[in-house]
Every structure is written in structure tokens, then in C-alpha cells.
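# Descriptive structure summary
The residues making up each chain are set out below.
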Amino acid sequence: MAQLILKNVYKRYENKKKSAQDYAVKDFSLHCEHGEFIGILGPSGCGKTTTLRMIAGLEEITDGAIFIGDRKVNDLHPKDRGIGLAFEDYALYPPLNVYENIAFNLRAQNLPADEIDRRVREIAPLMKVETLLDMKPAGLSGGQKQRVNIARALVRRPQVLLLDEPLSHLDGKMRQVLRTEIKRIHNKIKCTTVLVTHDQMEAMSLADRIAIMKDGQLQQFGTPLEVYDNPVNLFVAGFIGEPPMNLMKVTISGEGERFYFEFPRQGIRVRVPKKYSPVVREGMEVILGVRPTDIFITEPSEDSEVSVDVFENLGDEKRVSIDVGEEDFLTLTTEDERRYTKGERIGLIFHEEKTHIFDPVTEERILGVQK
Amino acid sequence: MAHIALEKIEKTFGKVQALKGVDLEVRDKEFFVLFGPAGAGKTTILKTVAGIEFPERGLVRFDGEIVNLVEPSARNVSMVFENYALYPHMTVFDNIASPMRSPRYKESEETIREKVQKVADMMGIGHLMDRLPSQLSNGQRQRTALGRCLVRSPKVFLMDEPLAHLDAKLRHLMRTELKAMQAQFDTTTIYVTHDYTEAMSLGDRVGILNEGKIVQIGSGDAIYYTPANEFVAKLVGEPEINLMDAEFVTEEGELKVRLDEAPQLFPVPTDVAAVLRDNYDSVKKWRVGVRGTNIPHSFEPQLTSLEGVVYNLEPIGNKSILTVKVGERLYQSVAKNDMKAELDTRIYLEPDITHALFFNGDTGQFVTRHNQAELLQGR
């Protein structure tokens, strides 16, 4: 157990064409507490795996520093860093049974046989592989292989556990089961853990805090609810959440305390939450961001009157979509039993707190003024 | 224009019987969804309609006429596969026109121009004719691909998981797009998917397949509110429905249900009780299904509640999935996204029996639920 600190870490690959893309990771800083579960989340090519590999010591650091516990590990060999690694691809030793696979690294450390046995038997029930110890990897399912893989990483009692897309090979049901197991084991042993994933759902459900990356740079670092409710920029807003946030370019109209978002399609408008009154002005273009759960239906009024274009009953929730022009749908979800029909006239209100606006050029969030 | 009927279709691949006597009727201009898990036989049915697979037994009829021996190209069906690749070097116009320029359908340039324009306008891409696929949004690309299939005015439109290769976010948008365009198709369509939200949203009717057999045909509402059996109930809804063993007890003249051998007794709605009493002698085992959205929780014991511990709590954005361990059993319920709870703390669940589904545990078949008639009325 230890804290993990990354200070202004850069990774630059040589022999590439000179461009801003030279840096796979750029000025990346992160402070993970003792026993915390951190998710590094981003689309493919964002530098998340490179970051993990630098922590592990499998990639050299171009600039910056990495600390595990109170040791600077920049120049330490991977085996001396006190890390446990589990990749997406389990790569178990096929000729060895599960027991020997888990014991392998301990044997390499020349630990006494009874200590090895004690540790293997201690970790096996935690990962629910105690009944598989005599089996060869070829006989295991994908989920079982990944359990053995994680057991193998944990048996070394690492200070930091690194997981690289551990669930992406598994099918839906197995993924959910193992996700629960990983969370429960973490709760029990409280080993500082870094999970790299491209799946926002996985990061949200497992991590205490999520670091969202894009183009080698950290975009936002916060709890799942923070990044969900208060995305700092357009990228984070679009990346987090499913169904996705409605994001569309709108023009502001009105004045004083009464402003409207005007959508591309003529006549479709919704009141701007009051907190933005001081920061918007007539004619301003912004990107509106509002989640389907944060739009409410009212009686049509002069503030907003639109017609329903698509109604979907998906069982647990119902969805209403409005064609707001330029092929964009503004979608909202409702949970009551009320049904809507195509063409029905309704009014819309946006959640005061949870409606966001972004600068179309910088893509940064524009903050409102709370009164 | 086409009415399609499959009668007792059987199809075997090697030792595997892919279709075990499928009866299916797709009405003229209907948007029919075939829904089921991987390997259920969905695509095989689609290929049978297209004429790419030949059934060993059974008849395929188009408008009453047997077409078993009719060549695929003569059936006038149009098929969209999961990956509808557009020609990247061709404009929208040329992409849509491409089927009509094939040697078989060779048409005059004038007819082509006219038809392409008509289809493109219908799809709302009439103003994008000169663009290349790389200059289009995903929605526009999908419209182009669909336009390319519609331009021949096929009798039947077959779609095999057209959204499956998209990421989760895009899939939501594309599904809504498809739904919005649906009214314009005006062509009998069979749509294959393994995603229950697509099935519920798009299908005029949904046919559910399991291991080569149709297990239910009904509206999206019907498969959600009154799934034909436990298999369908588990397939529709997220997280998966909680199925519990049920035992009925009459207490002070009122029928009550015990769930998974817990001590608490939950009152059974009177309309349900009436149906259950009729079936009481013929059924040995009963099961009750309650969806995660119908199991509120509380940290204090309630009048009737199941006592357990928090096994897992996963915030996934707009909600949290709460897994509770009661005895040795795990139940999943849907909670608010800002719910906080330490793992293994005590918690109480109150399954809402007015939303519960009652199954014959011997056969897995659906028996009844509260408000059954009202829920399906006029839908």
C-alpha cells in the first residue's frame, strides 16, 4: 500500500515526424492516495496505456517524476517498483497449472516453499480460484483466466496494482461479475489500484476517482459523480454518460433576465437557466450540454413549445426526441407511465444546475453565476 | 409490397439444428424485429427469407406464393449487413445509384437520376448529393446506406444488426434516427438485433428467438410487461430481472407471497391472486420476477422488507446499480446515482409486488401480473 504520484510526466517517442503529436503523454500529473482506486479513462490513442507502462517501468519517462510510496521510481527496474500488473491479455504459462502460475513470481524471488504455499492459498479464495488450482490454463474460461491473472499480480503484495483493460476480453455477464469481484477485493485489501480503460461505464463503476485523458493530456480528475455532473470541457461532457449528453450548437436570444437557447430549426427554443444571465448576450453562439435526464416536460408556453418527433418506450425508461434541426435530436428521458405521440405539443425546461454551456472555440465550460 | 410467411422452417448446419420449426408471419409494410441472443437463429431466418439459405423443411411464401426455389436475385429483397460500407471514392449520389448501375438492373441515366433524387429527399440527404462519405456525419452515412438499399424499391428490406458495430453512444442516436425515418420506408422490413432497446423501440412487432424456436411474438410493450417466459423476462431490461422462488400463504383471507424462503410475506394484488388460485393445483413451483427498477431500498427495516447487506454499488452515470446480498442470494436494484453506502452495510429491500411477474416455476411460462389488461390496452 502506498500513494502514487506522477509529477509533470512527459513521454516522447523519437524518430517520428515533428509535430505536437510527438508527445504520447504531456505534462501529466496525478496524485493517488493510499488505497485509492483510480481509473485512467480515454479513447484509444490518448496515452492511457503509455502512462500505465511508465508507472510500471516498461516505458522510460522522457521528463517528470513518478513516486511510489516515498520512493522516486524513475530509474528503478520494474521488479523493484513494488507493482503488480495484470494486462487485458492474460498470458498465463500454458504448461503450468493455476497454482504454479500464481506462485511463479514468488519462486523467482526465491521465497521459501511454505511461504509461497501460504500466500497462494491466501489469495486463491479471494479471487475465487481455489477450486481451479490444479487446472491448466487451457481448461479455463476467459473470466477464470483473468481471475488467475489478477491473483498472480496480487500475490506479490504490490504497493500499487496496475490493471490494463482487464475486462475487455470478457462477455457482458462475466464482465459484470468480475467487476463486482474486483471492487469487493479492493474494498478488502485496499491496495492502491490504477485501472486503465476506454469504457466509461467500467471506470465509473469501479474507480474512486477518474482521470480522463485525451491526446496525451489530462482533461479532468474527479469522482465519478463530479465528472458526470460537472464536466470541465466539451470532450469530457461527450465522453462520460450513457445515453450521451445532448450537445449542440445554439444561439442565444433575448435580454435582461430572459434569455433563450435558439436551436437551428426555426421556432425551437428553451429558456436559458437564470445563472447564465450575466454571462450570455443576444447573438452569442454556445454549445449547449444537457443530459436526457435533466430536461423536463411542461405544458407548452411562450417560453418553449416544440413537437414530439420520436417516442420510444424502452421499458425501464421512456425517451422523447425532438428534431431541433441539422440532423440533431434533443433527447430526454422520462420514467412515468405517460406516453407521447408524434406531433404532440409540449414545453421543455432545462435543469437549472445541470445545464452546461461551452465555448465553441476553446470548448471549455462557461460557468454561470449563482445568486 | 410484400406479406411474408414462414411455415415450419427447419434448417440444420452439420449436427446443429439452427431452426427447429419456425412459424412466422410478417405483414405487409410491417417493421418486424427478430430479437434473441447470439446463436438463436436470427440471421439464419433472415438468410432464409433472402434465399441465401435453403431450409430442409418448410415453406417460404411471399404474398402467398411459395418462393423456396426462387433465386435470391429474383426475390427482390434488399439486405443491409452489420457493416454497411459505402464506396469511399464515390459521392452520395453515386453510392445510392450503384445498385441500379449493376449489369442486372441496368437503368437509363435519366431514371437513375430521378429515383436517386426521390430516395435522397425522402432520407433528408437530397442536398448532400455531391459529398463524399468522408464529408458526412454518421447519421448521413447511415441514411446514404439505407437509401442505397431502398432505391431499387425492394419488396422486402432485410437488416442484420445495422447498428451493432457502432459504439454505445452513437447507437442511441442512430436508433432514434432510424425510428424517425421509419414512417418513410413504407416497405416490409425484417430487422435483426440482440439489443432489447432496439427491439422495443423499432418493432411494430417483435419475434423473440431462442435456440431455433420462436418463443414470443408481440409488441415492444408486450415483451416487456408480459414476457412469455423467464427467458424473455431475462432478455428484456437492464439490469437483468431478479427471479425469486415463491411460496403462497393465505393469511387472514388475503393471499401473500414469500420470496426465496425469506420470513417476510408480501401481499399479492387481488387480480393476481384470482388468476393464481385458478392455477394453484396444477403448478408445483412458482417463481416471481421483479425488475431492478421496482425494488426500492432503505437503511431502516420496513413493514415488509428483505434484510441484506450491500454487496456492490456501482454508479454508472444517470443511476447506480445496487447489488444486495440476502442470505446467499444476490439481487440487483436501480438506485439514484448519488447514493452512498459502504460495502457490507445492512440494507432493506422492498420488492414492489404490484410490478412483479408471476411464472410457473415448473415450465418457466408466464402466468400473470397486476394490471395486465390495462398495461397492454390499445398498444
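Residues numbered from 1 in each chain as written. Chains lettered and ligands numbered in written order. Predicted model: local features only at pLDDT ≥ 70, side-chain atom pairs only at ≥ 80, totals over all residues. Heavy atoms only, no water.

Another aspect to go through is the interface of chain B and chain A. Between chain B and chain A, the contact holds 40 residues from the first and 39 residues from the second. Overall, the association of chain B and chain A removes approximately 3,500 Å² of surface from exposure, summing both partners, and the carbon and sulfur fraction of that is 47%. When the buried surface of chain B facing chain A is broken down by residue, B:Lys169, B:Tyr311 and B:Asn318 rank first, second and third, together holding 18% of it. At the junction of chain B with chain A, the criterion picks out 5 salt bridges. The interface formed by chain B and chain A contains 20 residue pairs in polar contact (both at pLDDT 80 or more). Counting only elements with at least two residues in the side of chain B that touches chain A, the list comes to helix 5 (138-150), helix 6 (168-185), helix 7 (196-202), helix 8 (220-225) and strand 16 (306-315) of chain B. At 8 residues, helix 6 of chain B tops the list of elements feeding residues into the side of chain B that touches chain A. Across the side of chain B that touches chain A, the residue classes tally to 13 nonpolar, 14 polar and 13 charged. (Contact = heavy atoms within 4.5 Å. Buried area = accessible area lost by both parts, 1.4 Å probe. Salt bridge = Lys/Arg side-chain N within 4 Å of Asp/Glu carboxyl O. Polar contact = N/O pair within 3.5 Å; in protein donor to acceptor, adjacent residues only side chain to side chain. Helix = DSSP H or I, 4+ residues; strand = E, 2+ residues; numbered from the N terminus. Nonpolar A, V, L, I, M, F, W, Y, C, P; charged D, E, K, R; others polar.)

With that out of the way, let us pick up the side chain of A:Asn149. Checked against the element boundaries, A:Asn149 lands in helix 4 (residues 142-154). Take A:Asn149: its relative accessible area is 2%, and that puts it in the buried class. (Buried < 20%, exposed > 50% of the residue type's maximum accessible area, 1.4 Å probe, protein only.)

Residue and element names in this part refer to chain A. Overall, antiparallel pairing links the 4 strands, which are arranged 2-1-4-5 in an open sheet. Of all the strands in the sheet, the pair left with one neighbour each is strand 2 (23-32) and strand 5 (71-72). Relative to strand 4 (residues 63-68), strand 1 (residues 4-12) runs antiparallel, the two sharing 5 bridges. Counterpart to Ile 5 in the pairing with strand 4 is Phe 67. Strands strand 1, strand 2 and strand 4 of the sheet are contacted by helix 1 (residues 48-56), whose axis makes an angle of about 115 degrees with strand 1. (Pairing = 2+ DSSP bridges. Axes fitted to C-alpha atoms, helices over the stretch in contact; angles between N-to-C directions.)

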